[in-house]
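Architecture at a glance
Here's the letter readout for the chains.
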Amino acid sequence: MTESLKLAIVGGGSVAVSFLAQFLRAWPGPVAGLDAGRRLEVVLFEPRAEVGPGTAYQDDSASNLLNIPVGRMSALARVPGDFLDWLRARDPAWLREQGVDEATPSSFLPRPVFGHYLRDLHRDCLALAARKGVRVERVAAAVVGVWPARIEGEGGGDGLGAIVLAADGTRIDAHRVVLCNGNLPSTAFEALGALPGYFNSPYPVADLTARIGADDAVAIVGTSLSAIDAIAALAARGHRGPVFSVSRNGRLPSVRSPHNRTVKLPDLPLPEPDGRVTLDGVLDSLRRALREEGGIEEPDDILGLPGPARTALDAEIARSQAGPRPWQAVAAATNDRIEHIWHALDDSERRRFHRDWRTLWMARRATFPMRNALTVQGLLKRGQLRVEAGFRDVRYDAARGLFEIACGTAEGGGTLGAPWLVNATSFSMDVEGTSDPLVKRLLADGHARAHPLGGFDQDFETGCLRDADGRIVSQVSVLGSLAAGTYFWTTSMEVNARLALGQAERLAREMRVAMERPMTRTA
C-alpha cells in the first residue's frame, strides 16, 4: 500500500521551479500524529541536464536580454524583489563576467543570469524540502503519458490520482500532477525541418552564431522579440553579411523607455448595461489610467509610425530616450491582473481580440530594451539589416542552396535569398497540431481538449484540465504557455509566478487535508 502522497511535476524549467518553490513555502511541514512512514513526496520529471533554466533562460549569449526589468522579475509572486536581492548578493566580478555592469530595478540583464538565479532557487528548494520532511526525487526523463485514475490505497487521500509514465519506463502513482512542460516547437515550416541551413528557433542563439559564416546572408522570418534576439546575437559576434528580417506587417517591437515608472491600474472595467465586460470597456479603462498618469492618447506614439522600419525605429528610440512613455507603463501594468481581465471577457470578445487586436498588441505591448534597439538601429543605418513587410512564403532552391523568401515589398522581383533561415515566429500553442508525445496522448485519450484560442482548455479557478466532454480533471493542472487560452499572457515570468502561486497554495491545502485523513489499512 502507498503510505505517501506523491505530487508529480512534469518539466523542470522556470515555471516548474516557481511552482515548486512556492508549494514548499506553502507546505506546513510534518503532520503531527501521523505514522512515521507517511510523508509527502515530490517527483520532478526533467530530461534536460539540469533543473531551473529551461529553454528560456539557458546558458547562451549575453546579448539575449530580459524584456522585463529586474524589479519585476521574480519566480516568487509574493517576493517581487527576490531576483534583485539575489543579484545584490552575488560577487560583482562574477556579474561582470556574465555581462552585468549594474543591477538596479530598471536594469535589463542577460537572460542566462536569470537562469543562474533559477538554479540557485532550485537548490534552495531541496534544502527547504529536507527541513520540512518532504522528499524530492528527480527523474531525468520526459513524460510520455499521464492517465487520471483512482489510485488504490492512496495514503489518506481522496482516491483520485494519476498514473505518470516517463520515457525511461519510470511509472508513479501520483495524487496530483502539475504540467509545466514548456513551449511546443513551431510548426510553421515543417517541410524545411531537415534542411541543414534551417533553424526552427533562434535559441540558443550561440548555436546560430557558431554555425553561420560571418559573411553569409541570413534570413529571419519574424520581426518580434525572438527576431531581435537573433539579430543582436549576430551583431555581437561581429557578423558582416546581410541580414533580412521579414514578417507580414514588418513591425519591430516598441522600444521601452528607461524613464517609465511603475503604475497601478484602476479596477476592472465596469460591465456594460447588459452585464458584459467588453474590449471597448477595457480600452476605456486603459485610457482613463493613461490620463491619470499625465499621458495623452497620441496614436503615432501608441500604435507606432507606419512606413519603413528604420524610420519607425528612429522615432521609437528618440521618444524613449526623451522621457517616460506613460502608455507603456499603463500597458505593463496590465500584467498585474491580465488573466482576470481576459477571463472577464466572453468568448465572442476574446475571439474579437485575436482577430482584430492581437497582432498590434504583440507588436506594441512586447517592448524591447534600449541596448538592443540601438544595435538594430546601427545595422539598419549601415544597410546591413533590412526589415521587410508582406511576407508570403518560403521555399528552398536546392540547386543554389538558398532559401527564397517571397516578400511583398522586397527588391529583386519580390524574393530574398539566403543560405540560412531562422524561424523566429515564436513557439506553437496548437496542441492538436503538435507531435509532442504527452500532449498527443492526453488528447487522444480524451483526458484533455484544445482551447480554441491556444493551449489546453482549463478550469479558470483551479488551472485543471478539462476533458473531451468539458469535465474538470481535478488531478491534473497546467502552467506555462499551454495555459494561454485560459489565462492569455502566460509568456511572462511575473504572470506565471502568480498563477503558480495560486496552484501551489491550493494543492498544499488539498494535500495537507488528504494527509490528515485517517488511513485505511488493507491486508
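Residues numbered from 1 in each chain as written. Predicted model: local features only at pLDDT ≥ 70, side-chain atom pairs only at ≥ 80, totals over all residues. Heavy atoms only, no water.

Angle between the axes and distance between the axes: these two values describe a pair of packed helices. For the pair helix H6 (residues 225-236) and helix H13 (residues 370-382), interaxial distance at closest approach is 10 Å and the crossing angle is 70°. With respect to each other, H6 and H13 are oriented roughly perpendicular. Contact with H6, carried on its side by Ile-228, Asp-229, Ile-231, Ala-232 and Ala-235, involves Asn-372, Thr-375, Val-376 and Leu-379 of H13 and no other residues of that element. Tallied by class, residues from the contact of H6 with H13 come to six nonpolar, two polar and one charged. (Axes fitted to C-alpha atoms, helices over the stretch in contact; angles between N-to-C directions. Helix = DSSP H or I, 4+ residues; strand = E, 2+ residues; numbered from the N terminus. Parallel < 35°, antiparallel > 145°, perpendicular 65-115°, else oblique. Contact = heavy atoms within 4.5 Å. Nonpolar A, V, L, I, M, F, W, Y, C, P; charged D, E, K, R; others polar.)

Side-chain alternation along strand E10 (residues 243-246) places Val-243 and Ser-245 on one buried face and Phe-244 and Val-246 on a second face that is also buried. Looking at chain direction, strand E9 (residues 218-221) and E10 are connected through four bridges and run parallel. From the neighbouring strand, Ile-220 faces E10, where its bridge partner is Ser-245. The parallel pair E9 and E10, bridged by H6, forms a crossover whose chirality is right-handed. Pairing of E10 with strand E11 (residues 385-388) involves four bridges; the strand directions are parallel. Residue pairing across strands places Val-246 opposite Glu-388, the latter belonging to E11. (Buried < 20%, exposed > 50% of the residue type's maximum accessible area, 1.4 Å probe, protein only. Pairing = 2+ DSSP bridges. Right-handed = clockwise from strand over helix to strand, strands pointing away.)

It is worth spelling out the pattern of salt bridges at this point. Evaluation of the coordinates by the stated rule reveals 39 salt bridges. Linking Asp-120 and Arg-123 is a salt bridge whose minimum nitrogen-to-oxygen distance equals 2.1 Å. Taken together, the residues span about one helical turn, with Asp-120 and Arg-123 both in helix H4 (residues 111-131) at a distance of three residues. One salt-bridge network, in which partners are shared between bridges, spans Glu-298, Asp-301, Glu-316, Arg-319, Arg-325 and Arg-364. (Salt bridge = Lys/Arg side-chain N within 4 Å of Asp/Glu carboxyl O.)

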